[in-house]
Amino acid sequence: MGKISVGPENKLCPQTLFLYGTYKEDGTPNFGLFCWFSYCWDGELGVMACIGGEKLTKDLIRANKVFSANLVSESMLHLADYLGNTEGYKKEKMNIPIEVERGAVLNVPVLKSSPWVFELEVKRSVLLNGSEVFQCKIRNTLVEEELGLKEKFPVFQGRL
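Everything numeric here is computed off the predicted structure, so don't read it as measured data. (Residues numbered from 1 in each chain as written. Predicted model: local features only at pLDDT ≥ 70, side-chain atom pairs only at ≥ 80, totals over all residues. Heavy atoms only, no water.)

A. Representation of the overall build of the chain in the model. Counting its secondary structure elements, the chain contains three helices and nine strands. Reading the secondary structure of the chain in the N-to-C direction produces β-β-β-β-α-β-α-β-β-β-β-α. Principal axes of the C-alpha set define a box for the chain whose edges measure 50 × 45 × 35 Å. Counting only residues that meet the buried cut, the chain has 38% of its 160 residues in that class. With an accessible surface of roughly 10000 Å², the chain has 54% of that area assigned to carbon and sulfur atoms. (Helix = DSSP H or I, 4+ residues; strand = E, 2+ residues; numbered from the N terminus. Buried < 20%, exposed > 50% of the residue type's maximum accessible area, 1.4 Å probe, protein only. Areas by Shrake-Rupley, 256 points an atom, 1.4 Å probe, with all protein chains shown as cover.)

Spelled out as structure tokens, the structure:
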């Protein structure tokens with residue numbers, strides 16, 4: 001089977017979906033859907049999160065320097081679809097029934113329905129042409145007990 005060149009296009013870039021959580025100035029939670037997320041090492045495990053275009057979530061991350069990255073599971077796809085397709089600057093965007101709690105370490109909103117959540121602090125950002133990359137320190141990871149990490153990985157004892 002032969003191959004063809006298609007160039008650097010976003011036709012097949014499989015990524016995990018995350019809902020990034022931030023708080024607005026009035027304390028209202030805000031969530032946006034993003035997938036350009038990966039891991040890096042800078043003396044410790046961290047993450048890189050890239051956000052293209054101008055979005056409320058990016059504005060709030062810049063202002064607050066903290067956010068949550070809530071892994072999207074299959075049962076959350078309807079919520080991810082809504083939050084990813086509704087502009088954050090619309091005041092009524094978050095007038096939906098979702099369960100949110102505060103992060104365990106950082107003042108960030110966390111979705112109760114997400115099975116894996118990172119609480120992230122921005123260490124630095126890099127402006128690109130039309131996007132921005134946030135290099136972040138992982139300050140905490142919240143994991144659903146049902147995943148059984150304590151039983152499967154004893155090294156996590158006392159850390160989860």
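B. Highlighting the pairing of strand β5 (residues 66–71). Among the six residues in β5, five count as buried, and that is most of the element. Pairing analysis gives four bridges linking strand β1 (residues 18–23) to β5, with the strands arranged antiparallel. Each bridged residue has a counterpart across the sheet, and for Phe-18 the counterpart in β5 is Leu-71. Alignment of β5 against strand β8 (residues 116–127), held across five bridges, turns out to be antiparallel. Residue Ala-69 lies in a different strand from β8, and its bridge partner there is Phe-118. (Pairing = 2+ DSSP bridges.)

C. View of the nonpolar core. In this structure, Tyr-20, Phe-37, Phe-67 and Leu-120 are the most contacted members of the largest nonpolar core, which totals 16 residues. Of all the secondary structure elements, the ones that give two or more residues to this core are β1, β4 (45–52), β5, β8 and β9 (131–143). Ignoring anything within four residues of it in the chain, the contact list for Phe-67 reads Tyr-20, Gly-21, Thr-22, Ala-49, Ile-61, Val-108, Phe-118, Glu-119, Leu-120, Val-122 and Cys-136. If you look at the next biggest cluster of nonpolar residues, it comprises nine residues, including Leu-19, Phe-31, Met-76 and Leu-111. (Core = buried A, V, L, I, M, F, W, Y, C linked by side-chain atoms within 4.5 Å. Contact = heavy atoms within 4.5 Å.)

D. Seen up close, the packing of aromatic side chains. The final tally for this structure, using the stated rule, is nine aromatic pairs. An aromatic cluster of at least three residues, connected via ring pairs, comprises Phe-18, Tyr-20, Phe-34, Phe-37, Tyr-39, Phe-67, Trp-116 and Phe-118. (Phe/Tyr/Trp six-rings, centres within 6.5 Å; stacked < 30°, edge-to-face > 60°.)

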